[in-house]
Amino acid sequence: KGKGKGKAKGKFDENKGKGHLLPRTRITAEKFEGIVAAWKGKYGWVTPNEEIPHEKANAHRGGIFVSKDDLVDIEELTPGATVEFHIWEDSSGLGGEEVVQL
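Because the structure is predicted, anything quoted here is derived from the model rather than measured. (Residues numbered from 1 in each chain as written. Predicted model: local features only at pLDDT ≥ 70, side-chain atom pairs only at ≥ 80, totals over all residues. Heavy atoms only, no water.)

Caption draft 1: Representation of the nonpolar core within the structure. Membership of the largest hydrophobic core comes to 16 residues, with the highest contact counts inside it found for Val46, Ile52, Val66, Leu77, Val83, Phe85 and Val99. Not counting chain neighbours up to four residues away, the residues in contact with Leu77 comprise Val36, Trp39, Val46, Val66, Leu71, Val83, Val99 and Gln101. (Core = buried A, V, L, I, M, F, W, Y, C linked by side-chain atoms within 4.5 Å. Buried < 20%, exposed > 50% of the residue type's maximum accessible area, 1.4 Å probe, protein only. Contact = heavy atoms within 4.5 Å.)

Caption draft 2: Fine view of the pairing of strand S6 (residues 93-101). Where strand S5 (residues 82-90) and S6 come together, seven bridges link them in antiparallel fashion. For His86, the partnering residue across the bridge sits in S6 and is Glu97. (Pairing = 2+ DSSP bridges. Helix = DSSP H or I, 4+ residues; strand = E, 2+ residues; numbered from the N terminus.)

Caption draft 3: Representation of the pattern of salt bridges in the model. All told, the structure shown has four salt bridges when counted by the stated rule. Among the charged side chains, a salt-bridge network with shared partners connects Arg26, Glu97 and Glu98. (Salt bridge = Lys/Arg side-chain N within 4 Å of Asp/Glu carboxyl O.)

Caption draft 4: Inspection of the side chain of His54 at higher detail. Tracing the backbone shows His54 in the loop between strand S3 (43-48) and strand S4 (64-67). At 3.0 Å, the side chain of His54 and the backbone nitrogen of Lys56 are in polar contact. A polar contact is formed between the side chain of His54 and the side chain of Glu89, at a distance of 3.4 Å. (Polar contact = N/O pair within 3.5 Å; in protein donor to acceptor, adjacent residues only side chain to side chain.)

Caption draft 5: Representation of the packing of aromatic side chains. On inspection of all chains with the given rule, the structure shows two aromatic pairs. Here Tyr43 and Phe65 contribute two aromatic rings whose centre-to-centre distance is 5.9 Å and whose plane-to-plane angle is 20°, an arrangement assigned as stacked. Highlighted residues: Tyr43 in strand S3 and Phe65 in strand S4, separated in sequence by 22 residues. Judged by its relative accessible area of 17%, Phe65 is buried. Seen in terms of ring centroids, Trp45 and Phe65 are 5.6 Å apart; in terms of plane orientation they differ by 75°. Their pairing is edge-to-face. With Trp45 in strand S3 and Phe65 in strand S4, this residue pair connects regions lying 20 residues apart in the sequence. Given the relative accessible area of 24%, Trp45 is considered partly exposed. (Phe/Tyr/Trp six-rings, centres within 6.5 Å; stacked < 30°, edge-to-face > 60°.)

Caption draft 6: Summary view of the side chain of Asp70. Position of Asp70 among the secondary structure elements: in the loop between S4 and S5. On the accessibility criterion, Asp70 (9% relative accessible area) is buried. Looking at Asp70, its side chain comes within polar contact range of the side chain of Arg24, at 2.9 Å. Excluding residues that lie within four positions of it along the chain, Asp70 makes contacts with Arg24, Trp88, Gly96, Glu97, Glu98 and Val99.

Caption draft 7: Expanded view of unusual backbone geometry. A positive phi angle is found at Arg61, which is not glycine, with a value near 55°. Judged by relative accessible area, which is 86%, Arg61 ranks as exposed. Positive phi outside glycine occurs at Glu98, with the angle close to 50°. Considering the arrangement of structural elements, one finds Glu98 in strand S6.

Right, here's the structure in full:
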């Protein structure tokens, strides 16, 4: 076998790709604004317009995770668009909910 082939055998992570289902805690009272950095079909990343005072704010290069389940009245986000959102925390970092594209 080639280098690195077969190393993950028997190590399937059944939780991989289910981060959007982790327990969440909202950490903002007021909505933040940001710019959509990327949209991947069912999820994407938002760059907040202001610094978020939280220990996990620099995780994921400072990006805020957004699932399509957190969008309000739309099915996807447009890269470069301005959005408004509340911020939640889970064990993997920060994310946005009640996301509205402005």
